[in-house]
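Tertiary structure, described
Read off the chains here:
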Amino acid sequence: MKIWMIVFFLGLGITVNAQNVIKDGKVYEVKGKSIFHKGEDITLSLLSGEKADIFKTHKNLVKEAKAAEKAKKRAEKATKNAEKAKKKAEKALKQKQKAQDQVNKASRKFDQQQDKYQKLKNSGKLSPNDDAKWFKKLNGYKNNLEKARTKLNRA
């Protein structure tokens, strides 16, 4: 679609740059204040009404070309903005996914370590010193999990 728009506007631009005006089945070329037909200057041989019509048609073609150029620039700008927005959304989604992965990882580690602690405690293999170490270790995992959750909420 984008390529077709470019081809259309290029074709329009080429047509306008040639400054050809078709009036009554004849092709006139306008250069400045002169009108040419088949390569010959016929400005003086035309009636003033015909000249005015040809110049008016030429002026309208130039206006249309300028309007088309503006529309083309607006379309390009809109496309560029849409691409920027898409990239921004993709980046945000990627960050959100990364944050979710970190929460999952931290949660899994916390749960594993807590289960390990419970097994050791239930089997009676923990000394009071080991119990304090495990408590500190579990608090660290819990803090990591909370940090990951806050990052996820911000993303």
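Residues numbered from 1 in each chain as written. Predicted model: local features only at pLDDT ≥ 70, side-chain atom pairs only at ≥ 80, totals over all residues. Heavy atoms only, no water.

**As for the packing of helix α2 (residues 48-123) against helix α3 (residues 128-154)**
Look at α2 against α3: their axes get within 8 Å of each other, and the N-to-C directions meet at 160°. When the interaxial angle is binned, α2 and α3 end up roughly antiparallel. The element α2 and its partner α3 pack so that their crossing is left-handed. A class-by-class count of the residues in the contact of α2 with α3 yields 12 nonpolar, 6 polar and 8 charged. (Axes fitted to C-alpha atoms, helices over the stretch in contact; angles between N-to-C directions. Helix = DSSP H or I, 4+ residues; strand = E, 2+ residues; numbered from the N terminus. Parallel < 35°, antiparallel > 145°, perpendicular 65-115°, else oblique. Left-handed = near helix turned anticlockwise from the far one by under 90°. Nonpolar A, V, L, I, M, F, W, Y, C, P; charged D, E, K, R; others polar.)

**Some details on the pattern of salt bridges**
Under the counting rule described, the total for this entry stands at 2 salt bridges. Among the salt bridges present, the one from Lys 31 reaches Glu 29, with a minimum N-O distance of 3.8 Å. In this structure, Arg 149 and Glu 146 form a salt bridge, with 3.6 Å as the shortest nitrogen-oxygen distance. Taken together, the residues Arg 149 and Glu 146, both in helix α3 and 3 residues apart, mark about one turn of the helix. The class for Glu 146 is partly exposed, based on a relative accessible area of 40%. (Salt bridge = Lys/Arg side-chain N within 4 Å of Asp/Glu carboxyl O. Buried < 20%, exposed > 50% of the residue type's maximum accessible area, 1.4 Å probe, protein only.)

**Digging into the side chain of His 58**
Inspection of the secondary structure puts His 58 in helix α2. By relative accessible area, which is 15% here, His 58 ends up buried. Setting aside chain neighbours within four positions, we find His 58 in contact with Gln 19, Val 21 and Val 30. (Contact = heavy atoms within 4.5 Å.)

**Side note on the side chain of Gln 113**
Mapped onto the elements of the fold, Gln 113 is located in helix α2. Contacts of Gln 113, omitting those with residues within four sequence positions, involve Trp 134, Lys 137, Leu 138 and Tyr 141.

**Regarding the packing of aromatic side chains**
Tallied over the entire structure, the rule returns 1 aromatic pair. Relative to Trp 134, the ring of Tyr 117 has its centre 6.0 Å away and its plane inclined at 40°; by these criteria the two rings are tilted. Taken together, the residues Tyr 117 in helix α2 and Trp 134 in helix α3 connect sequence positions 17 residues apart. Since its relative accessible area comes to 11%, Tyr 117 is described here as buried. The class for Trp 134 is buried, based on a relative accessible area of 10%. (Phe/Tyr/Trp six-rings, centres within 6.5 Å; stacked < 30°, edge-to-face > 60°.)

**Examining the pairing of strand β1 (residues 20-23)**
The alternating pattern of β1 places Val 21 and Lys 23 on a buried face and Asn 20 and Ile 22 on a face that is not buried. In this sheet, strand β2 (residues 26-31) lies alongside β1 in antiparallel orientation, the contact comprising 4 bridges. By the bridge assignment for β2, Lys 23 is matched with Lys 26. Here β1 folds back onto β2 in antiparallel fashion, the turn holding 2 residues, of which Asp 24 has a positive phi close to 55°. (Pairing = 2+ DSSP bridges.)

**A look at a positive patch on the surface**
A contiguous patch of positive charge, built from Lys 94, Lys 98, Lys 147, Lys 151 and Arg 154, is present on the exposed surface. Residue assignment for the positive patch shows that the elements contributing at least two residues are α2 and α3. Looking at the positive patch element by element, the count peaks at 3 residues for α3. Topologically, Lys 147 is positioned in helix α3. On the basis of relative accessibility, which here comes to 54%, the residue Lys 147 falls in the exposed class. (Patch = residues over 30% accessible without salt bridge, like charges linked within 9 Å, V, L, I, M, F, W, Y side chains within 5 Å. Areas by Shrake-Rupley, 256 points an atom, 1.4 Å probe, with all protein chains shown as cover. Lys, Arg positive; Asp, Glu negative; His and termini not counted. Charge placed at Lys NZ, Arg CZ, Asp CG, Glu CD.)

Note that all results are geometric; they support no functional claim without further evidence.
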